[in-house]
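Breakdown of the fold
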Amino acid sequence: MQKHKRISKSLIAGILTVTVALLFLGSCSKDDSSVEAETKSAEDKTVFIGQVNPPITFNPVNCPSVASQYDQKPILDSLLGMVEPLKFEPLLADTFELKDPTTLLIKINDKANWTDGQPVSSEDVAFTINRIANPKIDSAISGYLKYFPGLGSNGKLPEGETELSAITIVDNKTLEIKLVKSIDVNIIREQIGVNMRIIPKHVLKDIPAEDFNKAPYFASPTVTSGAYKFVKYEKDQYVEYVANHDYFRGAPKIEHMFITLVPATNMAAKLETGEIHFNTGTGIGLIPSTDFETVMGLSNIRTKTEPNTSVQMILFNVSRIKDKRVRQALAYAMDRESILKNILKGSGEIVDPPLTSMNPYLDKSIPPYPHNVDKAKELLAEAGWDPERELEFVVPIGNKDREQAANIVAQNFAEAGIKVKMNKFDFPTVLKKAVGHDFDLVFIGNNFLLDPDGISSLYQSSSPYDMSFYKNDEVDRLFDEGRNEPDPSKRHQIYSRIQQIIYDELPLITIYSYHELLGVSDQLIKGEPRFYGTFYDVNEWDLK
């Protein structure tokens, strides 16, 4: 049945009524349910996705929140999609390749348009990059640009500059970008191709740099490029989307989409009743481990378990906990095996650097810190630790497994003679405190790039998200060398050395990486949560 975009709903209802009547008179062999199925169009279909954490912003230039990044994907396309580890597919860009060892060639799909009818152009890509690199604009992803000449290690232009000289606009759909030197092309594909969402120059070009991140557009992005259009965000309740019928990769089969904010404790019940079709995963839509058996037993839900690159970490404020022996003592004090067994029900893993077993650069020769209370006490004594000193332990609310893990960790610290005061806040408050170094210990999660340079945001002193306030000149230098080294075997050596240093100095420690339980409704014909590429084929999703 054709979609009638400009016909009123009442007229559509009339047409449907007549159609049903004619079908009934013309074929008594068909029952009512088959007639109803034949007349059902995309306009009748709505998919609901369950998510725990609320979005903070719809600004892809400065978006440190995983939930915010996730909620932008239906509306703002990137240049490439990654559907499996290091398996890249075209999105806005038909071509994304090295023309020569130091020249990146990007060609935008000829049919790719913004929802106001303007073409997605090479100017939009250049504008996005220049805004991210602008020294007056805070950006969580500026570090991705450090491969382009003329930028600092933080991916920013010098003060007073606003445009990269490395970018050449070839035509309306084609641009070339020079690289500092030859590097592993998969770094660029993942960081620039997949994780940089393009924004419309014609909508945002007149906003001064100092006001850019406060632009009303980022609260209500009405001109977008994805398979769905933004309708509204009802704070702490849901994000509403509607199909973009002019989407260049094909109009969606499902008209309406809601990302519904659900407390973790209610996720299983929402799956059972059909109020949501799946939970998001990626650390922001977790089913608590206490509900695993319930969800796996639901007749209307199929389940799967996925390893990923997400980790839950405790960051140490190095400016307050200056002696590495104290940080090591905190690590020895923690019984992470107990957390894995009793809270995650064994569905996860323990690694010390924030690289999971999914990552080919993980140095598996480095053993996790074992639970050893005596060793913790010994190190505290060597460091002259004051047993009366109390540490503030900041914990976000919402993720029940993490909150339970925090209780175990706090008890572990007490057993080792370390006093802590646990303070719980909503995630935006925790992020503000973490970025502002307003904590002693903070329990926080993150999804990392598959490329190991992704963890540089936590360890390199030039990063705006070096929340531990950590600085090590050798680590800074090694990260620069690693991202500029095209030889994978040499990169392995560099990142192994980084892992050895941070294992010893310990500005943070990974508590666990969970293997997420994902529940998917049997009403979905196509569409499911995936750690990589959930929304890549969202226009092809369908419901029974």
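Calculation criteria
- Position numbers for residues count from 1 along each chain, tracking the sequence in the order it is written.
- Thresholds applied to this predicted model are a pLDDT of at least 70 for local features of residues and 80 or more for the giving and counting of side-chain atom pairs; totals over whole chains, interfaces and linings are not thresholded and use all residues.
- Side-chain descriptors were evaluated using all non-hydrogen atoms of the structure, hydrogens and water having been removed beforehand.
- Strands are runs of DSSP state E lasting at least two residues, helices are runs of H or I lasting at least four, and both sets are numbered from the N terminus onward.
- A simple rule labels every residue: compare its accessible area, found with a 1.4 Å probe on the protein chains alone, to the largest value its type can have, and call it buried under 20%, exposed over 50%, or partly exposed in between.
- Two residues qualify as a contact provided that any one of their heavy atoms is within 4.5 Å of a heavy atom in the partner residue.
- We get accessible surface area from the Shrake-Rupley algorithm with a probe of 1.4 Å; when it comes to residues, only the shown protein chains can shield them.
- In this charge count, Lys and Arg are treated as positive and Asp and Glu as negative; neither His nor the chain ends contribute.
- Here the site of a charge means atom NZ of a Lys, CZ of an Arg, CG of an Asp or CD of a Glu.
- Salt bridges are counted wherever a side-chain nitrogen of Lys or Arg sits within 4 Å of a carboxyl oxygen of Asp or Glu.
- To obtain an axis, a line is fitted to C-alpha atoms, over the contacting stretch when the element is a helix, and the angle between two such axes runs from 0 to 180 degrees between their N-to-C directions.
- To sort the angles, those under 35 degrees are grouped as roughly parallel, those over 145 as roughly antiparallel, those from 65 to 115 as roughly perpendicular, and the leftovers as oblique.
- Crossing handedness follows the turn of the near helix against the far one: under a right angle anticlockwise gives a left-handed crossing, and clockwise gives a right-handed one.
- Ring pairs shown here join Phe, Tyr and Trp side chains whose ring centres sit within 6.5 Å, with only the six-membered ring taken for Trp; geometry is labelled stacked below 30 degrees between planes, edge-to-face above 60, and tilted in between.
- By this rule the span expected of a helix is its residue count minus one, scaled by 1.5 Å.
- Counting of polar contacts relies on pairs of N or O atoms within 3.5 Å, with two restrictions inside protein: one atom must be capable of donating a hydrogen and the other of accepting it, and residues adjacent in sequence are counted only when both atoms are side-chain atoms.

1. A short note on the overall build of the protein
A count of helical and extended segments in the protein gives 16 helices and 21 strands. Residues counted as buried form 57% of the 544 residues belonging to the protein. Contacts spanning at least 24 positions in sequence make up 71% of the contacts within the protein whose residues lie at least 6 apart. Accessible surface for the protein amounts to roughly 22300 Å². Of this, 49% is attributable to carbon and sulfur atoms. Taken as two groups, the 60 positive and 75 negative side-chain charges of the protein have centres that lie 1 Å from each other.

2. So, the pattern of salt bridges
Throughout the structure, instances matching the rule amount to 32 salt bridges. Its salt-bridge partner being K375, residue E378 comes within 3.8 Å of it at the nearest N-O pair. Remark: K375 and E378 occur in helix α11 (residues 373-383); sequence separation between them is three residues, near one turn of the helix. With a relative accessible area of 40%, E378 lands in the partly exposed category. Here K375 falls in the partly exposed class, since its relative accessible area comes to 27%.

3. Things to note about the packing of helix α9 (residues 324-333) against α11
At a minimum axis separation of 8 Å, α9 and α11 run at an interaxial angle of 165°. Considering their axes alone, α9 and α11 lie roughly antiparallel with respect to each other. Like other packed secondary-structure pairs, α9 and α11 cross with a definite hand, here left-handed. Where α9 approaches α11, its residues R325, V326, Q328, A329, Y332 and A333 are matched on the opposing element by V373, K375, A376, L379, L380, E382 and A383.

4. Things to note about the packing of helix α15 (residues 473-483) against helix α16 (residues 488-505)
It is the contact of α15 with α16, at a shortest axis distance of 9 Å, that shows an interaxial angle of 155°. With respect to each other, α15 and α16 are oriented roughly antiparallel. α15 and α16 meet at a crossing whose hand is left-handed. Side by side, α15 and α16 meet where E474, V475, L478, F479, E481, G482 and R483 of the first sit next to R491, I494, Y495, R497, I498 and I501 of the second.

5. Some details on the packing of aromatic side chains
What characterises a pair of aromatic rings is the spacing of the ring centres plus the angle enclosed by the ring planes. This structure, assessed with the given rule, holds 20 aromatic pairs. Look at F48 and F258: their rings are 5.3 Å apart centre to centre, the planes differ by 15°, and that puts the pair in the stacked class. Taken as a pair, F48 in strand β1 (residues 46-51) and F258 in strand β10 (residues 256-261) lie far apart in primary sequence, 210 residues in all. Ring centres of Y332 and Y369 lie 5.0 Å apart, and the angle between their planes is 80°; this geometry places the pair in the edge-to-face category. Residue Y332 is found in helix α9, and its partner Y369 is found in the loop between β14 (348-349) and α11; the two are separated by 37 residues along the sequence. Of the two residues, Y332 and Y369, both sit in the buried class. Three or more aromatic residues joined by ring pairs form one cluster here, namely Y70, F278, F535 and W541.

6. Quick word on helix α12 (residues 400-415)
End to end, α12 covers 23 Å across 16 residues, agreeing with the expected 22 Å (1.5 Å per residue, within 8%). D401, R402, E403, A405, A406, V409, A410, N412 and F413 are the residues of α12 that are buried. Structurally, the start of α12 carries an N-cap: the backbone nitrogen of D401 is 3.2 Å from a side-chain oxygen of N399.

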